[in-house]
Amino acid sequence: MLTTLIPPATLAQHLDDPGWVILDIRHDLMRPERWGEHEYGAGHLPGAVFLHLDRDLSAPKSGRNGRHPLPSPADAAATFARAGVGPATQVVVHDQNNGMYASRAWWMLRWLGHRAVALLDGGYERWVREGFPVTTAKREPRAASFTPGALLPTVDVDDVLASLPSGSLTIVDARAPERFRGETEPMDPVAGHIPGARNRPYAANLAADGTFKDASTLRREFDALLGDAPLASVVHQCGSGVTSCHNVLAMVVAGFPETRLYPGSWSEWCADPARPVATGNA
């Protein structure tokens, strides 16, 4: 059972394995409607099933619940079942390159109790670069039965707000440093971060070639970030609950136990002007 990362060479040995399902999560936040589907149509891994970040891996937006609200467990399970994921399926997820979107699918499956899911390290670009096959043929997935198991714990906006006076939660923000500091905000109406949060941009998990850093390097870097903070206090967030999953995955790769996610993230937090906002590095 593969539970974190998989290289292209290993996946290539299982393209015809009926017990494996490949999920293509390519997406572009600046071209969200059709970019991923267009890229999938132009070429994809043999047998891969496309899932759309907004339509398949998110719930409807209310204007106050963030840009990528987490679906209900039942709705998420139904999506994965339609894609062919059953209780014994080995799932591989990928996006264009660095895993920023595919990590959301990785985390959602783990959230639902499905541990046999790994992210294709380096994504579609590495797959092509290393000479593995692509196709434009679409294969209709064979629907499976998927029942959620024990859900991974998450935190909500009220939990985060209640933690601020005591600092009982160690909030790790996966956004770029300039967004964290409030110098720019291309996606949300308010710039800044949750008071007391620590910044760990998801891109810091990656080596120069776009693959994940080795486990010992990640371990050292997260140890430096977290210091003496109890692991049970760690909560990941980002702009909308997507790239924060990259930090959850990176910590698992580094050998830490699974840490919690705040799915609503900054886009939910800043939707209420009564919630406090910090800027700079404080």
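Our structure's up above, just so we're on the same page.
Residues take numbers from 1 onward in each chain, read along the sequence in its written order. Where local features are concerned, this predicted model is filtered to residues with pLDDT of at least 70; where side-chain atom pairs are given and counted, the filter is 80 or more; whole-chain, interface and lining totals use all residues. Excluding hydrogens and water, the side-chain values take into account all heavy atoms of the structure.

Considering the sheet that holds strand E1 (residues 5–6)
As a general point, the strands of a sheet are linked pairwise by backbone hydrogen bonds and lie either parallel or antiparallel. DSSP-based pairing: two strands are paired if at least 2 bridges between them are found. Segments assigned H or I by DSSP are reported as helices when at least four residues long, segments assigned E as strands when at least two residues long, and all are numbered from the N terminus. Pairing in this open sheet of five strands is parallel, and the strands run E1-E5-E4-E2-E3 from one edge to the other. Among the strands making up the open sheet, the edge pair consists of E1 and strand E3 (49–50). Two strands pair when backbone bridges link them, and strand E4 (residues 90–94) and strand E5 (residues 117–120) are joined in this way by three bridges, in the parallel orientation. Within E5, the position partnered with Val93 by the bridge is Leu119.

What about the packing of helix H3 (residues 73–82) against helix H4 (residues 102–111)?
All axes are obtained by fitting lines to C-alpha atoms, using only the stretch in contact for helices, and the reported angles, taken between N-to-C directions, cover 0 to 180 degrees. Close contact between H3 and H4 brings their axes to 11 Å; oriented N to C, the two are set at 115 degrees. Considering only the axes of H3 and H4, their crossing is left-handed. Contact residues: Pro73, Ala76 and Phe80 in H3; Ala105, Met108, Leu109 and Trp111 in H4. Working rule for handedness: look at the near helix, and if it is turned counterclockwise from the far one by less than a right angle, call the crossing left-handed; if clockwise, right-handed. Residues are treated as being in contact if the distance between any of their heavy atoms lies within 4.5 Å.

Things to note about the side chain of Ser163
Positionally, Ser163 belongs in helix H6 (residues 157–163). The buried label applies to any residue whose accessible area, calculated with a 1.4 Å probe on protein chains only, is under 20% of its type's maximum; exposed applies above 50%, and partly exposed to all values in between. Exposure remark for Ser163: the relative accessible area of 2% places this residue in the buried category. With residues up to four places along the chain from it excluded, the contact list for Ser163 reads Ser168 and Leu169.

Quick look at the nonpolar core
To qualify as a nonpolar core, a set must consist of buried Ala, Val, Leu, Ile, Met, Phe, Trp, Tyr and Cys residues joined through side-chain atoms within 4.5 Å. In terms of nonpolar packing, the biggest core is built from 50 residues, with Leu23, Phe80 and Val93 touching the most fellow members. Only strand E2 (20–24), H3, E4, H4, E5, helix H8 (215–226) and helix H9 (244–253) provide two or more residues apiece to this core. Excluding residues that lie within four positions of it along the chain, Val93 makes contacts with Leu23, Ala102, Ala105, Trp106, Val117, Ala118, Leu119 and Leu120. Within the second largest apolar cluster, 14 residues are counted, among which are Ala48, Leu120, Tyr124 and Trp127.

Some thoughts on the packing of H4 against H9
Between two packed helices, what matters for the description is the angle formed by their axes and the separation of those axes. Contact pair H4 / H9: the axes reach a minimum separation of 8 Å and the direction vectors enclose 70 degrees. It follows from the interaxial angle that H4 and H9 lie roughly perpendicular. When the axes of H4 and H9 are compared, the crossing they make is left-handed. On the side of H4, the interface is formed by Ser103, Arg104, Trp106, Trp107 and Arg110, while H9 contributes Cys245, His246, Val248, Leu249 and Val252. Angles below 35 degrees are treated as roughly parallel, those above 145 as roughly antiparallel, those between 65 and 115 as roughly perpendicular, and all remaining angles as oblique.

Some points on the pattern of salt bridges
Basic side-chain nitrogens of Lys or Arg form a salt bridge, by our definition, when they fall within 4 Å of a carboxyl oxygen of Asp or Glu. Applying the stated rule across the entire model yields 18 salt bridges. The salt bridge partner of Asp24 is Arg26, with a shortest N-O separation of 2.8 Å. The burial state of Asp24 is the same as that of Arg26; both residues are buried. In this structure, Arg126 and Glu130 form a salt bridge, with 2.8 Å as the shortest nitrogen-oxygen distance.

A closer look at the sheet that holds strand E9 (residues 260–261)
Spatially, four strands are ordered E7-E6-E8-E9 in an open sheet, and the strand pairing comes out parallel. Each edge of the open sheet carries a strand with a single partner, namely strand E7 (198–199) and E9. Here strand E6 (residues 170–173) pairs with strand E8 (residues 234–237) via four bridges, running parallel. Its bridge partner lying in E8, Asp173 is registered against Gln237.

Remarks on the packing of aromatic side chains
For this analysis, a ring pair means two rings from Phe, Tyr or Trp (six-membered ring only for Trp) whose centres lie within 6.5 Å, classed as stacked if their planes differ by under 30 degrees, edge-to-face if by over 60, and tilted for the remaining angles. Evaluation of the coordinates by the stated rule reveals five aromatic pairs. With centroids separated by 5.7 Å and ring planes inclined at 45 degrees, the aromatic side chains of Tyr40 and Phe50 adopt a geometry described as tilted. Pair noted here: Tyr40 is in helix H2 (residues 35–42) and Phe50 is in strand E3, with a separation of 10 residues, a long-range link. In terms of burial, Tyr40 and Phe50 fall into one category: buried. Each ring, one from Trp107 and one from Trp111, has its centre 5.6 Å from the other, and the planes form 10 degrees; the classification is stacked. In this pair, Trp107 and Trp111 both sit in helix H4, four residues apart, roughly one turn of the helix. On the basis of relative accessible area, Trp111 is assigned to the buried category, the value being 5%. Residue placement shows Arg26 over the ring face of Tyr124; its charged tip is 4.0 Å from the ring centre. For a Lys NZ or an Arg CZ to count as sitting over a ring, it must be within 6 Å of the ring centre and within 35 degrees of the ring normal.

Some thoughts on the environment of Gly41
Relative to the elements of secondary structure, Gly41 occurs in helix H2. Classification of Gly41 as partly exposed rests on a relative accessible area of 29%. Sequence separation between Gly41 and Ala137 is 96 residues, and the spatial gap between their C-alpha atoms is 8.2 Å.

Let's talk about the pairing of E5
Both faces of the sheet carry side chains from a regular strand, because those side chains alternate between them. Bridging between E1 and E5 involves two bridges; their strand directions are parallel. Note that in E5 the partner of Leu5 across the bridge is Leu119. When the strands point away from the viewer, a crossover counts as right-handed if the path from the first strand over the helix to the second runs clockwise. Running through H4, the crossover from E4 to the neighbouring parallel element E5 is right-handed.

These results come straight from atomic positions and should not be treated as a statement about function.
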